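Residue-level listing of the chains:
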Amino acid sequence: MSRTPHGVDPVLRTRARRRAMQALYAWQMSGGEARTVIAQFAHEQAREQADLIYFEDMVRGVIEHQSTLDAALNTYLDRDIEQVDGVERAVLRIAAYEMRHRIDVPYRVVINEAIETAKRFGAEHGHTFINGVLDQAAIEWRSVESQAGKHT
């Protein structure tokens, strides 16, 4: 099992993000409380190993901070967040949460994971939309990190 120097297994994190996207998609469609959504998807976490703690943090975080995440994302969208496809909306919310609240995760990882999740679950060209929005957001939200990346 490969882990980063910080002890994070990237495969388990990827699975956690995918499950979080599915859980948040379901939440967007039906509403409800974070603990209910987490409980509904936790059994799948057990069957397909994933980082359950990270999954729960993302789901709780997105639900708790939805209004501020949406307002921040709207700056980079050509339409209101509620008009964005449900899968892409869930992916954008997760990525926004990670970029704004999980600074331990490099922004390039956040963007790449969002693109790959959108390719797997979203519309045919949804990943290009996700990439464009998150590239713009990273410049502002992770300005120090994105500027450092330009000089390496």
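Cut-off values and rules
Residues numbered from 1 in each chain as written. Predicted model: local features only at pLDDT ≥ 70, side-chain atom pairs only at ≥ 80, totals over all residues. Heavy atoms only, no water. Axes fitted to C-alpha atoms, helices over the stretch in contact; angles between N-to-C directions. Helix = DSSP H or I, 4+ residues; strand = E, 2+ residues; numbered from the N terminus. Parallel < 35°, antiparallel > 145°, perpendicular 65-115°, else oblique. Left-handed = near helix turned anticlockwise from the far one by under 90°. Contact = heavy atoms within 4.5 Å. Nonpolar A, V, L, I, M, F, W, Y, C, P; charged D, E, K, R; others polar. Phe/Tyr/Trp six-rings, centres within 6.5 Å; stacked < 30°, edge-to-face > 60°. Buried < 20%, exposed > 50% of the residue type's maximum accessible area, 1.4 Å probe, protein only. Lys NZ or Arg CZ within 6 Å of the ring centre and 35° of its normal. Salt bridge = Lys/Arg side-chain N within 4 Å of Asp/Glu carboxyl O.

Draft legend 1. Seen up close, the packing of helix H6 (residues 107-121) against helix H7 (residues 126-141). It is the contact of H6 with H7, at a shortest axis distance of 8 Å, that shows an interaxial angle of 165 degrees. Taken together, the axes of H6 and H7 are roughly antiparallel relative to one another. As H6 runs across H7, the sense of the crossing is right-handed. Mapping the contact onto sequence places Tyr107, Ile111, Ala114, Ile115, Ala118 and Lys119 in H6 and Gly126, His127, Ile130, Asn131, Leu134, Asp135 and Ala138 in H7. For the contact of H6 with H7, the class distribution of residues is eight nonpolar, three polar and two charged.

Draft legend 2. Local environment of the packing of aromatic side chains. Evaluation of the coordinates by the stated rule reveals one aromatic pair. Judged by centre distance (5.7 Å) and plane angle (80 degrees), the rings of Tyr76 and Trp141 are edge-to-face. Placement of the pair is Tyr76 in the loop between helix H4 (66-74) and helix H5 (86-101) and Trp141 in helix H7, with a sequence separation of 65 residues. When sorted by exposure, Tyr76 lands in the same class as Trp141, which is buried. One Lys or Arg, Arg13, reaches over the ring of Tyr54 and ends 3.7 Å from the middle of that ring. Seen from the ring of Trp141, Arg100 lies directly overhead, with NZ or CZ sitting 4.9 Å from the centre.

Draft legend 3. View of the pattern of salt bridges. Across all of its chains, the model carries twelve salt bridges by this definition. The partner of Arg60 in a salt bridge is Glu56, and the shortest N-O contact between them spans 4.0 Å. Residue Arg60 and its partner Glu56 are located together in helix H3 (residues 52-64), separated by four residues, close to a single helical turn. With a relative accessible area of 39%, Arg60 lands in the partly exposed category. Glu56 gets classed as partly exposed once you look at its relative accessible area, which sits at 25%. A salt bridge links Arg89 to Glu82; the shortest N-O distance between them is 3.7 Å. By relative accessible area, which is 8% here, Arg89 ends up buried. Residue classification places Glu82 among the partly exposed residues on the basis of a relative accessible area of 44%. Overlapping salt bridges, with partners in common, bring together Asp70, Glu82, Arg89 and Arg93 in one network.

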